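Residues per chain, in single letters:
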Amino acid sequence: MTRSTVYSLLSSAGDSRNVTAKGWIRTKRDSKNIIFFELNDGSCISSLQIVVDKEDGTVDETLNHKLLTGASVSITGKLVTSQGKGQGVELMAEEVTLIGGAPADYPLQKKRHSFEFLREIAHLRPRTNTFGAVARVRNALSNAVHDFFQQRGFLWIHTPIITGSDAEGAGNMFQVTTLDLSAPPRRDNGSVDYQQDFFGRKAHLTVSGQLQVENFACSMSNVYTFGPTFRSENSNTSRHLSEFWMIEPEMAFCDLEGNRQLAEDFIKHLLSHVLENCSEDMTFFDKWIEKGTIENLTKVIETPFTHLTYNDAIKELEKATVKWEYKPSWGIDLQAEHEKYLTEDVIGGPVTVTDYPKGIKAFYMKQNDDGKTVRAMDVLVPRLGEIIGGSQREDDLGKLKRRMEEMGLDTGEYDWYLDLRRYGSVPHSGFGLGFERLVQYVTGMQNIRDVIPFPRTPKTIAF
Ligand code: 4AD
Ligand code: MG
């Protein structure tokens, strides 16, 4: 008989028809006459209750001993309306086949496990309620990302993973090489001769697809990237990964105001999609991970985002009666504690901060006429702080070149990027949304390592 998913069975009527379900045993209750199993196959958070009548010989003693938590099984029987509380239907087993046994040392027994422990068995954690729910929400969000842009006529551009340029100019890049590290070829002056490396020069994993996607914005008008990015900064926090996914829209003929509006519409679209399509998983997160999540997200969807300039944000921080670890003053980069205060205490929701000092932002941002600030834009949210970083781009060749020189970048290496300003330069803008921070925001999960299947962080690369 063809297999039905647990999800489809749970959403259908208990009309005594014959069905087959396959999955993994989550729990087992073995009483005198009856065995109850909770069967889960990942199609939804709920498990299907399987009822085995011990009297009728469906499961003999030898098989019963092997039907343990973690084992995979195939069950055929009648789908009936449940006698017990908590589920609409249950499966009265008539045939039980063990597919793969799981001995008693299976690490995921019924008790609640800490997320720290589960990170050590990251290969098994998708079999828990929380990580199953995260995987489904992550999938729904990916889908919503593409929906949003495709509906608006944006083209998805596949920017390279290996790159010869540092998009953020910040030097947090992983090097890619095929040279023999124990005896690299050297030039006369002793430095490594990268002309002999695979690409004939130094290469790295990308920190952002922005520079390349700008090329496509300045020809196709509205484009976006959605792919993995890599950063080698040594940040061991609950919101930093060494490998994370980023979505980067880029729009020609668009200024900072248009960029800000797109970011707001984008986030609202993503939140609405998840609330509509993942209600069971979201109810779980609301109950067990972060109380009030659904209500908070609903409020965010209904309320216009607050906009503050960096100047105003600093004024708010300076007048706060908070004991700061890092005292706010004009020119500093906003720290986590500042972002938290602005979003949680001042605004109580997302805040878009624009027009940051040029000294703390990337070389490519459009300079304001005041000579001090740039058309930067960060979207900050409660609990997490920065979730989006973006800007209008500098479209004036002379200004961009001068800024790069001031910041010590080799303009020769970025010549292809400067060409966009030489030939048919247009005002254009874009931003990057950190996908894992988005998943954290939506689910309420505290640690970014728990919203990506296999986290990469300093000194961690098991699995
Ligand atoms: O602010 P960032 O560095 O901006 C850029 O990379 C621009 N090139 C984007 C653009 O304008 N096209 O990074 C964008 C977002 C951050 O707001 C944050 O959400 C996320 O990427 N992010 C990280 N997420 C997880 N781990 C890290 N180490 C991250 N670094 C940035
Ligand atoms: Mg940023």
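Here the structure is a predicted model, which means the values were calculated and not measured.

## Overview of the overall build of the chain
Next, step 1: Looking only at helices and strands, the chain has 13 helices and 16 strands in total.
Next, step 2: When each of the 463 residues of the chain is scored for burial, the buried share is 50%.
Next, step 3: If you take every contact in the chain between residues at least 6 apart in sequence, the share linking residues at least 24 apart comes to 67%.
Next, step 4: Of the roughly 22100 Å² that the chain leaves accessible, carbon and sulfur atoms contribute 50%.
Next, step 5: For the chain, the separation between the mean place of its 53 positive charges and that of its 63 negative charges on side chains is 3 Å.

## Examining the side chain of Glu90
Next, step 1: Here Glu90 lies in strand E5 (residues 89-100).
Next, step 2: Buried within the structure, Glu90 lacks any salt-bridge partner; Arg29 is the closest side chain of opposite charge, at an N-O distance of 7.9 Å.
Next, step 3: A polar atom in the side chain of Glu90 sits 3.0 Å from the side chain of Gln49.
Next, step 4: Only 2.9 Å separates the side chain of Glu90 from the side chain of Ser82, close enough to count as a polar contact.

## Quick notes on the pairing of strand E2 (residues 34-40)
Next, step 1: Alignment of strand E1 (residues 15-30) against E2, held across six bridges, turns out to be antiparallel. Across the sheet, the residue bridging to Trp24 is Asn40, located in E2.
Next, step 2: Hairpin remark: E1 followed by E2, antiparallel, with three residues in the connecting loop.
Next, step 3: Pairing of E2 with strand E3 (residues 48-53) involves six bridges; the strand directions are antiparallel. In the sheet register, Phe37 faces E3, and the bridge partner there is Ile50.

## Re the site of ligand 1
Next, step 1: Taken together, 24 residues are adjacent to ligand 1, and Glu168, Gln210, Arg231, Glu248 and Glu386 come closest.
Next, step 2: At 2.6 Å from a nitrogen atom of ligand 1 is found a side-chain nitrogen or oxygen belonging to Glu168.
Next, step 3: Between ligand 1 and Glu233 there is a distance of 3.4 Å, counted from a nitrogen atom to a side-chain nitrogen or oxygen.
Next, step 4: Coverage of ligand 1 by the protein chains reaches 93% of its 630 Å² of free accessible surface.
Next, step 5: Broken down by secondary-structure element, the contributors of at least two residues to the shell around ligand 1 are strand E11 (243-252), strand E15 (385-392) and strand E16 (428-434).
Next, step 6: At five residues, the largest contribution of residues to the shell around ligand 1 is made by E15.
Next, step 7: A per-class count over the shell around ligand 1 returns eight nonpolar, eight polar and eight charged.

## Brief notes about the packing of aromatic side chains
Next, step 1: Within this structure, the stated rule accounts for 19 aromatic pairs.
Next, step 2: Ring plane angle 75° and centroid distance 6.2 Å describe the contact between Phe363 and Tyr417, whose orientation is recorded as edge-to-face. Here the residue Phe363 occupies a position in the loop between strand E13 (351-357) and strand E14 (373-381), and Tyr417 occupies one in helix H12 (residues 415-422), the gap between them amounting to 54 residues. For the residue pair Phe363 and Tyr417, the accessibility class agrees, reading buried in each case.
Next, step 3: The structure contains a cluster of three or more aromatic residues connected by ring pairs, namely Phe148, Phe149, Phe154, Tyr224, Phe266 and Phe431.
Next, step 4: Here the basic side chain of Lys372 rests over the ring of Trp330, its NZ or CZ set 5.4 Å away from the ring centre.
Next, step 5: Arg421 extends its terminal NZ or CZ atom over the ring of Tyr417, reaching a point 4.2 Å from the ring centre.

## A look at the domain arrangement of the chain
Next, step 1: Taken domain by domain, the chain comprises domain 1 (6-100) and domain 2 (125-172 + 207-450).
Next, step 2: Each of domain 1 and domain 2 has a C-alpha centre, and the two are 45 Å apart.
Next, step 3: Listed as interface residues are eight residues of domain 1 and, on the opposing side, eight residues of domain 2.
Next, step 4: Where domain 1 abuts domain 2, roughly 650 Å² becomes buried across the two surfaces, and 39% of that area is made up of carbon and sulfur atoms.

## Side note on the nonpolar core
Next, step 1: By size, the foremost hydrophobic cluster in this structure holds 51 residues, and its most contacted members are Leu141, Val145, Phe149, Phe266 and Val442.
Next, step 2: Examining the composition of this core, we find that nine residues originate from one element, helix H4 (residues 129-151), more than from any other.
Next, step 3: Look past the residues within four positions of Leu141 in its chain and what remains in contact with it is Leu270, Val274, Phe435, Leu438, Val439 and Val442.
Next, step 4: Ranked by size, the runner-up nonpolar core spans 32 residues in total, among them Trp324, Leu342, Leu409 and Leu418.

## Structural notes on the sheet that holds strand E8 (residues 175-176)
Next, step 1: Spatially, three strands are ordered E7-E9-E8 in an open sheet, and the strand pairing comes out antiparallel. With one partner strand each, in any of the chains shown, strand E7 (162-163) and E8 form the two edges of the open sheet.
Next, step 2: Two elements, E8 and strand E9 (residues 203-205), share two bridges in a ladder whose sense is antiparallel. Bridge pairing links Val176 to Ala203 in E9.

About the cut-offs
- Residues numbered from 1 in each chain as written.
- Chains lettered and ligands numbered in written order.
- Predicted model: local features only at pLDDT ≥ 70, side-chain atom pairs only at ≥ 80, totals over all residues.
- Heavy atoms only, no water.
- Helix = DSSP H or I, 4+ residues; strand = E, 2+ residues; numbered from the N terminus.
- Buried < 20%, exposed > 50% of the residue type's maximum accessible area, 1.4 Å probe, protein only.
- Contact = heavy atoms within 4.5 Å.
- Areas by Shrake-Rupley, 256 points an atom, 1.4 Å probe, with all protein chains shown as cover.
- Lys, Arg positive; Asp, Glu negative; His and termini not counted.
- Charge placed at Lys NZ, Arg CZ, Asp CG, Glu CD.
- Salt bridge = Lys/Arg side-chain N within 4 Å of Asp/Glu carboxyl O.
- Polar contact = N/O pair within 3.5 Å; in protein donor to acceptor, adjacent residues only side chain to side chain.
- Pairing = 2+ DSSP bridges.
- Near = heavy atom within 4 Å.
- Nonpolar A, V, L, I, M, F, W, Y, C, P; charged D, E, K, R; others polar.
- Phe/Tyr/Trp six-rings, centres within 6.5 Å; stacked < 30°, edge-to-face > 60°.
- Lys NZ or Arg CZ within 6 Å of the ring centre and 35° of its normal.
- Domains from an automatic or database assignment.
- Buried area = accessible area lost by both parts, 1.4 Å probe.
- Core = buried A, V, L, I, M, F, W, Y, C linked by side-chain atoms within 4.5 Å.

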